[in-house]
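# Structure assessment
The residues making up each chain are set out below.
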Amino acid sequence: MFQNALGEAQSVIGQFLEDRMARLAPGTISDAMRYATTGGKRLRGFLALEAARLFDVPFAQSVHAAGAVECLHAYSLVHDDLPCMDDDDLRRGQPTIHVKWDEATAVLVGDALQSFAFELLSDRGAGDAAQRIALVAGLARASGADGMVLGQAQDIAAEATGRALGIDEITELQANKTGALIAWPAEAGAILGRADPVPLRRYAHAIGLAFQIADDILDIEGDVAKAGKRLQKDAAAGKATFVSLLGLDGAKARAADLVDEAEAALTPYGDRARTLKALARYIIARDR
């Protein structure tokens, strides 16, 4: 049932983005935007749809938030892959944007995807005026200097100094770099449902950390063909990860504990949250 729900969400988000990007001026930038948002797990968009579904918000409305977070995430990957950042040549099993086109195109495509995300949230179909403002403000915070960008800067600074981070520092870093953009779609569901965001915020905090721990585990145990990206780069660079700090078994145990925390946070929603509970379990069981 979970895989069916995830597959449906991926199709809904994919079609929505295709329809919206069809309105863009034809050319390299719009082609590369489609390329950058094709494939992937679309878990952030799925989370937005499922969080909104708790409150009977229809897909036709919540898909704006889902599409926006997928575009914002894609922008972050395009820029993260650049030679001046992580210098990766493979993403989702395909050449990265700067490899397929060039670095200037990659910078512009990332910029375009970021602004396109906010354009999607400003559409009247995304909600009433107050909801749209709340969605835009929340995504801006999650992705900016107090969220994802801060986490990336912390990561770069740690690598530049060569100082090994402790568990509290790596937890804070990843809460910003990865977790903030996982927390936002969960809170977006509450905004659209005019509901208290606290339970979903707690859920998202737990799965955001579990997601990063699972990524660190996959970096050691994963298969490049399934992951669609280079693996074991962190270990080769001597970067601190949850695996290096907790050990492989310790990291797996911590991820499992976080899934328990996430499921407990969903108690107020009863059986309506079964898909979100399944998402928490999927995050640490995935192989890519």
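Residues numbered from 1 in each chain as written. Predicted model: local features only at pLDDT ≥ 70, side-chain atom pairs only at ≥ 80, totals over all residues. Heavy atoms only, no water.

### A short note on the pattern of salt bridges
- Following the criterion strictly, the structure yields 15 salt bridges and no others.
- Put simply, Arg163 and Glu169 hold a salt bridge, and the shortest N to O gap is 2.9 Å.
- A residue is classified by how much of its surface remains accessible, and Glu169, at 32% relative accessible area, is partly exposed.
- Linking Asp215 and Arg286 is a salt bridge whose minimum nitrogen-to-oxygen distance equals 3.0 Å. With Asp215 in helix H10 (residues 198-221) and Arg286 in the segment after helix H15 (274-285), this pair connects stretches of sequence that are 71 residues apart.
- We classify Arg286 as buried; its relative accessible area is 7%.
- One salt-bridge network, held together by shared partners, links Glu18, Asp31 and Arg34. (Salt bridge = Lys/Arg side-chain N within 4 Å of Asp/Glu carboxyl O. Buried < 20%, exposed > 50% of the residue type's maximum accessible area, 1.4 Å probe, protein only. Helix = DSSP H or I, 4+ residues; strand = E, 2+ residues; numbered from the N terminus.)

### Focus on the side chain of Thr37
- Tracing the backbone shows Thr37 in the loop between helix H2 (28-36) and helix H3 (43-53).
- With residues up to four places along the chain from it excluded, the contact list for Thr37 reads Leu17, Met21, Arg42, Cys71, Ala74, Arg92 and Leu113. (Contact = heavy atoms within 4.5 Å.)

### Details of the packing of aromatic side chains
- Scanning all chains against the criterion turns up four aromatic pairs.
- Summarising the aromatic geometry, the rings of Phe2 and Tyr282 are spaced 5.2 Å apart at their centres and angled 45 degrees between planes, so their arrangement reads as tilted. Here the residue Phe2 occupies a position in helix H1 (residues 2-21), and Tyr282 occupies one in helix H15, the gap between them amounting to 280 residues. Across the pair, Tyr282 and Phe2 agree in class, each one buried.
- Each ring, one from Tyr35 and one from Trp101, has its centre 5.3 Å from the other, and the planes form 90 degrees; the classification is edge-to-face. One end of the pair, Tyr35, is in helix H2; the other, Trp101, is in the loop between helix H5 (97-100) and helix H6 (103-122), with 66 residues separating them in the sequence.
- A relative accessible area of 22% means that Tyr35 is categorised as partly exposed.
- Given a relative accessible area of 27%, Trp101 falls into the partly exposed group.
- Chaining the aromatic ring pairs together yields one cluster made of Phe2, Phe46 and Tyr282. (Phe/Tyr/Trp six-rings, centres within 6.5 Å; stacked < 30°, edge-to-face > 60°.)

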